[in-house]
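Fold and contact review
Each chain, letter by letter, is given below.
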Amino acid sequence: SVSDYVVKALKIANEDGRVKVELGPMFTTLEGEFEDVWEVAGKMHLALVEAGAPRIATSIKIDDRRDKISTVESKLRSVRGKL
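To keep things clear, this report deals only with the structure shown in the data block. It should be emphasised that the depicted structure is a prediction, and the values quoted were computed from it without experimental measurement.

Some words on the overall build of the protein
- In terms of helices and strands, the protein carries three helices and two strands.
- For the protein, the sequential pattern of α-helices and β-strands runs α-β-β-α-α.
- Put simply, 45% of the contacts in the protein that link residues at least 6 apart link residues at least 24 apart.
- As presented, the protein carries roughly 6,900 Å² of accessible surface, and 54% of it is formed by carbon and sulfur atoms.
- Here the protein carries 14 positive and 14 negative side-chain charges, and the mean point of each set is 7 Å from the other.

What about the layout of surface pockets?
- In this structure, the largest pocket occupies an estimated 1,700 Å³ of space.
- Lining of the largest pocket is provided by 45 residues; of these, Thr28, Thr29, Leu30, Ser59 and Lys61 occupy positions nearest its centre.
- Of all the secondary-structure elements, those providing two or more residues to the lining of the largest pocket are helix H1 (3-16), strand S1 (20-23), strand S2 (28-31), helix H2 (34-50) and helix H3 (72-82).
- The greatest single-element share of the lining of the largest pocket, amounting to eight residues, is contributed by H2.
- Within the lining of the largest pocket, the residues separate by chemical class into 23 nonpolar, ten polar and twelve charged.

Description of the packing of H1 against H2
- One can describe the packing of H1 onto H2 by two numbers: an axis separation of 9 Å at closest approach and a directional angle of 145°. In this structure, the crossing between H1 and H2 has a hand that is right-handed. Two secondary-structure elements touch here, H1 through Tyr5, Lys8, Ala9, Leu10, Ile12, Ala13 and Asp16 and H2 through Val40, Lys43, Met44, Ala47 and Leu48.
- Of the residues belonging to the contact of H1 with H2, the class tally is nine nonpolar, no polar and three charged.

Brief notes about the pattern of salt bridges
- Summed over the entire model, instances satisfying the criterion amount to eight salt bridges.
- The salt bridge partner of aspartate 16 is lysine 43, with a shortest N-O separation of 2.7 Å. Residue aspartate 16 is found in helix H1, and its partner lysine 43 is found in helix H2; the two are separated by 27 residues along the sequence.
- Notably, a salt bridge pairs arginine 18 with glutamate 39, separated by 3.2 Å at the nearest N-O pair. Of this pair, arginine 18 sits in the loop between H1 and S1 while glutamate 39 is found in helix H2, placing the two residues 21 residues apart along the sequence.
- For arginine 18, a relative accessible area of 33% corresponds to the partly exposed category.
- Since its relative accessible area comes to 44%, glutamate 39 is described here as partly exposed.
- Within the structure, one salt-bridge network assembled from shared partners comprises Asp16, Arg18, Asp36, Glu39 and Lys43.

Cut-offs applied
- Residues numbered from 1 in each chain as written.
- Predicted model: local features only at pLDDT ≥ 70, side-chain atom pairs only at ≥ 80, totals over all residues.
- Heavy atoms only, no water.
- Helix = DSSP H or I, 4+ residues; strand = E, 2+ residues; numbered from the N terminus.
- Contact = heavy atoms within 4.5 Å.
- Areas by Shrake-Rupley, 256 points an atom, 1.4 Å probe, with all protein chains shown as cover.
- Lys, Arg positive; Asp, Glu negative; His and termini not counted.
- Charge placed at Lys NZ, Arg CZ, Asp CG, Glu CD.
- 1 Å grid on protein atoms, 1.4 Å probe; cavity = no way out; pocket = protein on both sides within 12 Å on 5 of 7 lines; lining within 4 Å.
- Points joined across faces, edges and corners; volume = space filled by probe spheres on them.
- Nonpolar A, V, L, I, M, F, W, Y, C, P; charged D, E, K, R; others polar.
- Axes fitted to C-alpha atoms, helices over the stretch in contact; angles between N-to-C directions.
- Left-handed = near helix turned anticlockwise from the far one by under 90°.
- Salt bridge = Lys/Arg side-chain N within 4 Å of Asp/Glu carboxyl O.
- Buried < 20%, exposed > 50% of the residue type's maximum accessible area, 1.4 Å probe, protein only.

Functional significance is not addressed by these values, which are geometric in nature.
What follows is the structure, encoded as structure tokens:
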């Protein structure tokens, strides 16, 4: 019921180009520099307001790891390697 809005938000992120976008069944993951992720997430949210979405729930969880490089891809690879 919300797929049209999800597509609109994804297009905003992809067209911006500053963050990596990983679509999941329940959430979309944005990966990149903190300031870029924050700004793109805001643009995505506001695009849905402009599209007339009657209700928008934006959840933001920040994983800011400073001790080593960790990416969405490396996290998935680690888990899959242990299966």
